Structures are given as structure tokens and as C-alpha cells.
Amino acid sequence: MPEGHTLHRLARLHQKRFGKAPVTVSSPQGRFSDGAAAVSGRVLRRSDAWGKHLFHHYDGGAVVHVHLGLYGSFREAPLGEDGAPPAPVGAVRMRMIGADYYTDLRGPTACEVIDDGGVDDVIARLGPDPLRPDADPELAWKRISKSRRTIGGLLMDQAVLAGVGNVYRSELLFRHRIDPYRPGTHIDGDEFGDMWTDLVALMKVGVRRGKIIVVRPEDDRGAPSYREGRPRTYVYRRTGEPCRVCGTPVRTAELEARNVFWCPTCQS
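The name recorded for the protein chain in an unreviewed UniProt entry is Endonuclease 8 1, from Mycolicibacterium bacteremicum. Regarding the protein chain, the UniProt comment filed under Sequence similarities (unreviewed entry) reads as follows: "Belongs to the FPG family." The UniProt entry for the protein chain carries the following text under Catalytic activity (unreviewed entry): "2'-deoxyribonucleotide-(2'-deoxyribose 5'-phosphate)-2'-deoxyribonucleotide-DNA = a 3'-end 2'-deoxyribonucleotide-(2,3-dehydro-2,3-deoxyribose 5'-phosphate)-DNA + a 5'-end 5'-phospho-2'-deoxyribonucleoside-DNA + H(+)".

Before going further, it helps to examine the pattern of salt bridges. Should the charged atoms of two oppositely charged side chains come close, the side chains can pair. Under the counting rule described, the total for this entry stands at eleven salt bridges. Two residues, Arg 45 and Asp 59, come together in a salt bridge whose shortest N-O distance is 3.6 Å. Separated by 14 residues along the polypeptide, Arg 45 in strand S2 (residues 44-50) and Asp 59 in the loop between strand S3 (53-58) and strand S4 (63-67) bring together distant segments of the chain. Judged by its relative accessible area of 31%, Asp 59 falls in the partly exposed class. We note a salt bridge from Asp 104 to Arg 95, for which the minimum N-O separation is 2.7 Å. Accessibility expressed as a relative area gives 3% for Asp 104, which makes it buried. On the accessibility criterion, Arg 95 (6% relative accessible area) is buried.

Here the focus is the environment of Met 203. Checked against the element boundaries, Met 203 lands in helix H7 (residues 189-209). C-alpha of Met 203 to C-alpha of Val 214: the two residues are eleven residues apart in sequence and 9.5 Å apart in space. In contact with Met 203, not counting residues within four places along its chain, are Gly 4, His 5, Pro 130, Leu 131, Gly 163 and Tyr 168.

Glancing now at the sheet that holds S4. Ordered by their spatial adjacency, four strands build an open sheet running S2-S3-S4-S8, and the pairing between neighbours is antiparallel. The open sheet terminates on both sides in strands that have one partner only, identified here as S2 and strand S8 (110-114). Strand-to-strand twist across the sheet, computed as the mean angle between neighbouring axes with direction ignored, equals 15 degrees. The strands touched by helix H3 (residues 116-124) are S2, S3, S4 and S8; relative to S3, the strand with the most contacts, the crossing angle is about 165 degrees.

This part is about unusual backbone geometry. A positive phi angle, close to 65 degrees, is found at Lys 20, a residue other than glycine. The phi torsion at Arg 237 lies on the positive side, around 55 degrees, for a residue other than glycine. Looking at where Arg 237 falls in the secondary structure, it is placed in the loop between H7 and strand S9 (251-255).

Now for the side chain of Arg 175. For Arg 175, the position within the fold is in helix H6 (residues 166-175). Here Arg 175 falls in the buried class, since its relative accessible area comes to 12%. Here Val 214 takes part through its backbone oxygen, which lies 2.5 Å from a polar atom of the side chain of Arg 175. Leave out the neighbours within four places in its chain, and Arg 175 touches Asp 198, Leu 202, Val 214, Arg 216 and Tyr 234.

Under the present numbering, the feature "domain: Formamidopyrimidine-DNA glycosylase catalytic" (unreviewed entry) in UniProt falls on residues 1-98. Overall, residues 1-98 shows 22% helix and 34% strand. The separation of its end C-alpha atoms is 27 Å.

Another point: the pairing of S3. The element S3 is extensively covered by neighbouring structure, given that six of its six residues are classed as buried. Every second residue of S3 is oriented toward a common face, with His 53, Phe 55 and His 57 on one face and Leu 54, His 56 and Tyr 58 on the other, all of them buried. In the sheet, S2 pairs with S3 via six bridges, with the strands oriented antiparallel. The residue bridging Trp 50 from the neighbouring strand is His 53, located in S3. From the end of S2 to the start of S3, which pair antiparallel, there are two residues, and Gly 51 there has a positive phi angle of about 60 degrees.

The rules behind these values
- Residues numbered from 1 in each chain as written.
- Predicted model: local features only at pLDDT ≥ 70, side-chain atom pairs only at ≥ 80, totals over all residues.
- Heavy atoms only, no water.
- UniProt positions renumbered as here; feature names shortened; annotations may be inferred.
- Salt bridge = Lys/Arg side-chain N within 4 Å of Asp/Glu carboxyl O.
- Helix = DSSP H or I, 4+ residues; strand = E, 2+ residues; numbered from the N terminus.
- Buried < 20%, exposed > 50% of the residue type's maximum accessible area, 1.4 Å probe, protein only.
- Contact = heavy atoms within 4.5 Å.
- Pairing = 2+ DSSP bridges.
- Axes fitted to C-alpha atoms, helices over the stretch in contact; angles between N-to-C directions.
- Polar contact = N/O pair within 3.5 Å; in protein donor to acceptor, adjacent residues only side chain to side chain.

Here's what the structure looks like:
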């Protein structure tokens, strides 16, 4: 599932490619036909994100809300010399066409037209987003410090922190030497403050680079990534591989229906 930096990166890209101008919107697949008709031809005023949710704000108050879920993705390309995009390939839920570019959305969990009140309803269900300048980490800390749930589970709860997925969760806990099974009530304020500061910095790098970069230079000892073309990680998807810091085999287990990865020595 794309993590929060991906949605903020998309928001910036869509603002650059399509913002402040009329956009032609369609639904080649047909599942978003009414929504597409409601915004097609309108000016895209603003594109922004909160956690894993993307919002396209159009003139007239309509907002297209997208949640990519596990399988959703946007694919963008310049228009052809004739100013037209190619025929859609596959199940394209939403196609946006601007002056110079088009983008196709496939496989999202949500793609719907809402209004500003609907946006408020979505945001009300979410915790603070580390990538937003108005984020209040105290809101997340209050929930964590009062919960007996594991910190590994709390960090993935979008009502606690918006935008954190499995990679940032596992890697952040490793960087701060925290056992993912430690209860929230056993995390102290300084630990959370350090994690929040680190998370903000890491996610900003993710927006800038388009990749999750987490391994410190002094720990990058040449062990390959878990997958070709992906940045190296400390523990994520490195089950059984030696920890980059101490050499202990990395462990994995299911935690609240998602796999978590950790070093039993560094995070004891």
C-alpha cells in the first residue's frame, strides 16, 4: 500500500500538471462516470493530501477523494502530438486530461465526489499527518500514551498517525531501538518526540526523492535491498538476514494482521 509520502508527491505533481486550469475527467471503466461528469470541464483549484487520502478541489465546491488502497495507482504521460491521449488500457477508473498531460487512475479503494463537509468527515477520522505543516503531534501522543496496544499497532493506525505504513513503521521503530510489541503506555514523551521528529524528516525525504530512504550512511554496509531497484532497509522484508547494525537475524511476525519486522537484539 502506498504510504503518505506517495500521496503528497502525487498532490504536488497533479497541482503542477493540472492545477489552475480546466480538466477533462472521464471514467473509461464506467464505475466513476457520474462523478467524472460532475467535475469534467471545471478548473482544478487545488490538489492536496492528508495521510493516504488525496483530494482534488474543483471550482464549484466538488472534491474528488481518492484512496489508493493496496492496488491503486496513477500513471501519467504527456499528450501526443495531436493533443490527445492514447486509448485507455485496462480498467481505468478515472482519466484526467489537462493541457499537456493526462493521468489514469486504476484500482483505487475509493474514488468519489464529495464536498468540503465530506473532506472534513474524512479528516476527522484521521490522526495528524507528519507531512502537513499544521500537524499537531500532541494529538497522536495523547492516544499512544493512554493505550495498552502495541506501539507497532498504534503507528499503523491511521486514526493515530495518518500516512504511516508498514515500511515507515518497521524502520522507524528500528531506528529508535523500540520493540514493536512494547505497549503505548510504556513509550515515554521523549521517545515519541524523537520518533515524530525523525518521521517528519524521513517522510520529507520520501516526498523529495520518491523513495523511502531510511538507512544511515554509517549503517549502509553493502547488504543488498530486499528487492532489486528498491532502497535498502534495516529490517523491512529482511527476515532471516543479518541486522545491519549487530548481525542478529531479523525476525518477522504478524501484528494486527500485518507483518512487522524487527531486530530482537537492537530492539530488545
